[in-house]
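# Summary of structural features
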Amino acid sequence: MTRPVCVLVGAPGSGKSTVGQMLAEALGVSFRDTDADIEAMAGKPIPEIFIDEGEAHFRALERAAVAAALASHTGVLALGGGAVLAEENRAALIGHSVVHLSVELPDAVRRVGLGAGRPLLAINPRATLKHLLDQRRPLYSEVATATVVTDGRTPEEIAAEIAALLTA
Ligand SMILES: Nc1ncnc2c1ncn2[C@@H]1O[C@H](COP(=O)(O)OP(=O)(O)O)[C@@H](O)[C@H]1O
Ligand SMILES: O=C(O)C1=C[C@@H](OP(=O)(O)O)[C@@H](O)[C@H](O)C1
Ligand SMILES: [Mg+2]
């Protein structure tokens, strides 16, 4: 059975896409991001999916993308920050090596800026991020087999810590 060497979960701005690419390079494996898979499936960027078809449709595409990637990808896999909201996705993560990139509000706010490209954060990014973090922290913890703190650390340091965890 094929499985990703590592699945990254965490809030928007935790660095899943950035750290995931670095980690894949360090490990010499390929990188996949379910957000990119969803955009390829829909043939349009995520903000346009939200505008044209709504969040429920995006979440349906996301469930399909997560299931497909977990079944076929062997490298590093980054999920979107909201993937853990679906019970189906949390169940599908059981048995996988899942690293939670944790981030607290100040660093998350700094990193996502005005929320460009993230439709959920288009209005009042700080308050929305606070709500998302409070709502999702328990879900990230539930699916994670390891947690790596990202606040005040560079993507390189974080990728190196995960690589060490995976090869320990
Ligand atoms: N550890 C970090 N320190 C500083 N900036 C970071 C860090 N990780 C990611 N970033 C920056 O934050 C933004 C969001 O990162 P991204 O990888 O897209 O996060 P995610 O995929 O978890 O939403 C990007 O501009 C990225 O360069
Ligand atoms: O938190 C969320 O619900 C979302 C996070 C985004 O991914 P990142 O976590 O990579 O920003 C993307 O999947 C979409 O905009 C929804
Ligand atoms: Mg991302």
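Notes on the structure in this doc start here.

The rules behind each value
Residues numbered from 1 in each chain as written. Chains lettered and ligands numbered in written order. Predicted model: local features only at pLDDT ≥ 70, side-chain atom pairs only at ≥ 80, totals over all residues. Heavy atoms only, no water. Pairing = 2+ DSSP bridges. Helix = DSSP H or I, 4+ residues; strand = E, 2+ residues; numbered from the N terminus. Axes fitted to C-alpha atoms, helices over the stretch in contact; angles between N-to-C directions. Contact = heavy atoms within 4.5 Å. Expected span 1.5 Å × (residues − 1). Bend = angle between axes of the 7 residues up to and from the residue. Buried < 20%, exposed > 50% of the residue type's maximum accessible area, 1.4 Å probe, protein only. 1 Å grid on protein atoms, 1.4 Å probe; cavity = no way out; pocket = protein on both sides within 12 Å on 5 of 7 lines; lining within 4 Å. Points joined across faces, edges and corners; volume = space filled by probe spheres on them. Nonpolar A, V, L, I, M, F, W, Y, C, P; charged D, E, K, R; others polar.

## Looking at the sheet that holds strand β2 (residues 31–33)
- What the 5 strands build is an open sheet, ordered β2-β3-β1-β4-β5; its pairing is parallel. Of all the strands in the sheet, the pair left with one neighbour each is β2 and β5 (146–149). Geometrically, the sheet is characterised by an average inter-axis angle of 25° between neighbouring strands, direction not taken into account.
- Where strand β1 (residues 6–9) meets strand β3 (residues 76–78), 3 bridges bridge the pair, whose relative direction is parallel. Bridge pairing in β3 places L8 opposite A78.
- Sheet strands in contact with helix α4 (residues 55–72) are β1, β2 and β3, and its direction is about 165° off that of β2.

## Some words on helix α7 (residues 125–143)
- With 19 residues, α7 ought to run about 27 Å at 1.5 Å a step, and its terminal C-alpha atoms sit 25 Å apart, in line with that.
- Bending of α7 peaks at approximately 45° at the position of R136, with proline P138 no more than four residues after it.
- Those residues of α7 lying buried are P125, L129, L132, L133, R136, L139, Y140 and V143.
- Structurally, α7 contributes buried residues whose contacts are with β1, α4, α5 (87–92), β4 (98–102) and α6 (105–112).

## What about the layout of surface pockets?
- Its boundaries defined by the atoms lining it, the largest pocket holds a volume of some 640 Å³.
- For the lining of the largest pocket, the secondary structure elements donating two or more residues are α1 (16–27), α2 (34–42), α3 (46–52), α4, α7 and α8 (155–167).
- For the lining of the largest pocket, the element with the highest residue contribution is α1, accounting for 4 residues.
- Split by residue class, the lining of the largest pocket holds 14 nonpolar, 9 polar and 10 charged.

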